[in-house]
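Secondary and tertiary structure notes
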Amino acid sequence: MHDMTVHFPDAHDPAASQDNRLVVAISSRALFDLGDSHSLFERDGLDAYRQFQIEHEEEILRPGVAFPLVQKLLGLNRLAGDVPPVEVILLSRNSGDTGLRIFNAIQHYGLEISRAAFTSGAPTSDYVAPFKADLFLSANAEDVGRALAAGVAAATILPSTAPPRASEQLRIAFDGDAVIFGDEGERVSREEGLAAFHRSEHENAAEPLSVGPFRGFLTAVHRLQAAFPAENSPIRTALVTARSAPAHKRVILTLRKWGVRIDEALFLGGRDKGPFLDAFGADIFFDDSPANVESARRHVATGHVPHGVSNR
């Protein structure tokens, strides 16, 4: 989908560390269940949608797919000192008028969200950078694509029936190629085959992998983890990749060179990721492959990263 060259910030980019907070921007449809009203909008248009939201303004919206994730993110602020380490910002294509129902729900659930942008149907991605967001989650694939093209970690939140996790620990899982890292390996595998991929990874094992769209977000999560004792951290991360030995070595050496902590690394060699994500207990999983996200979303909340050769 987006095969243009995009600069993704790394740990040495001054713009990536202006603020020690982890900033997550999220759309209203990812945070709350707006399925019925969105269907009404698509069927009957903006005026009908606006009237519906105003008439149901006092009815509290049900939690959406990313609601448990946001609860856990904001819950980290109760464990910190004077400066909240996490901020969640609402970006919505609603107008300020129809968005009142959304803020009523935010207040009802006690979510500490105070900053928002309501765009009345215009793309919300234009406001991701000014808010200095490390991550953008949206149900609108167009907005996600625009944010990725601007160099911001972004994912399309997909419908999921996965149950909320009982654990209070926040657990985030990432795919490797085209998510944390660049997609060069996937390109070699697709164009030249698996044997050529393994040969290339073996020959370049000492050469760090390039930066992918979620490198900056992973750094921000690592920075947040470092504020808590390693043996009792409220955040746990996992790399869940289709790679297997010997292609694992380059991944490990790259993360070591970056100085980034990953708590668990699963090298599955092409096995279905869903059951492993369920076993890890992921609150969210990010993957570029449409096939992988279809499998994963049956088990855990999943964000599709429309980046790299898999999304041409």
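Let us look at the structure shown here. The model shown is predicted, which means the values in this text are computed figures rather than measured ones.

Brief notes about unusual backbone geometry
A positive phi angle is found at Ser120, which is not glycine, with a value near 50°. The class for Ser120 is exposed, based on a relative accessible area of 52%. Positive phi values are uncommon outside glycine, yet Lys132 reaches one of about 55°. In this fold, Lys132 is placed in the loop between β3 (116-118) and β4 (135-138). The class for Lys132 is partly exposed, based on a relative accessible area of 49%.

Let's talk about the packing of helix α7 (residues 184-192) against helix α8 (residues 194-203)
The interhelical angle for the contact between α7 and α8, taken along N-to-C directions, is 145°, at an axis separation of 7 Å. Every pair of crossing elements has a handedness; the one defined by α7 and α8 is right-handed. Two secondary-structure elements touch here, α7 through Gly185, Val188, Ser189 and Glu192 and α8 through Leu194, Ala196, Phe197, Ser200 and Glu201.

As for the side chain of Asn104
For Asn104, the position within the fold is in helix α5 (residues 100-108). A polar contact is formed between the side chain of Asn104 and the backbone oxygen of Glu57, at a distance of 3.2 Å. If near-sequence neighbours (up to four positions away) are discounted, Asn104 is found in contact with Glu57, Glu58 and Ile60.

A closer look at the sheet that holds β4
Strand order in the open sheet formed by 10 strands is β3-β2-β1-β4-β5-β10-β9-β6-β7-β8, with mixed pairing between adjacent strands. Of all the strands in the sheet, the pair left with one neighbour each is β3 and β8 (264-267). This sheet shows a mean twist of 20° between the axes of neighbouring strands, independent of strand direction. Examined bridge by bridge, strand β5 (residues 154-157) and strand β10 (residues 302-304) share two bridges and lie antiparallel to one another. Residue pairing for β10: Thr156 is matched across the bridge by His304. Against the sheet, helix α9 (residues 215-225) touches β1 (22-27), β2 (86-92), β4, β6 (170-174), β7 (235-241) and β9 (284-287), its axis set at about 145° to β7.

Considering α8
What α8 keeps buried is the set Ala196, Phe197, Ser200 and Glu201. For α8, the buried positions fall inside an angular range of 130° around the axis, keeping them on one side. Opposite the buried face of α8, by more than 90 degrees, sit the exposed residues Leu194, Ala195, His202 and Glu203. At its buried positions, α8 is contacted by α7 and α10 (248-258).

Looking at the pairing of β2
For a regular strand, the rule is simple: side chains alternate between the two faces of the sheet. Most of β2 sits inside the fold, with seven of its seven residues counted as buried. Bridge count between β1 and β2: six bridges; the pairing is parallel. Its bridge partner being in β2, Leu22 is matched across the sheet by Val86. The pairing of β2 with β3 spans three bridges and is classified as parallel. Note that in β3 the partner of Ser92 across the bridge is Phe118. Remark: the β2/α5/β3 crossover connection has right-handed handedness.

What counts, and at which threshold
Residues numbered from 1 in each chain as written. Predicted model: local features only at pLDDT ≥ 70, side-chain atom pairs only at ≥ 80, totals over all residues. Heavy atoms only, no water. Buried < 20%, exposed > 50% of the residue type's maximum accessible area, 1.4 Å probe, protein only. Helix = DSSP H or I, 4+ residues; strand = E, 2+ residues; numbered from the N terminus. Axes fitted to C-alpha atoms, helices over the stretch in contact; angles between N-to-C directions. Left-handed = near helix turned anticlockwise from the far one by under 90°. Contact = heavy atoms within 4.5 Å. Polar contact = N/O pair within 3.5 Å; in protein donor to acceptor, adjacent residues only side chain to side chain. Pairing = 2+ DSSP bridges. Arc of directions from axis to C-beta. Right-handed = clockwise from strand over helix to strand, strands pointing away.

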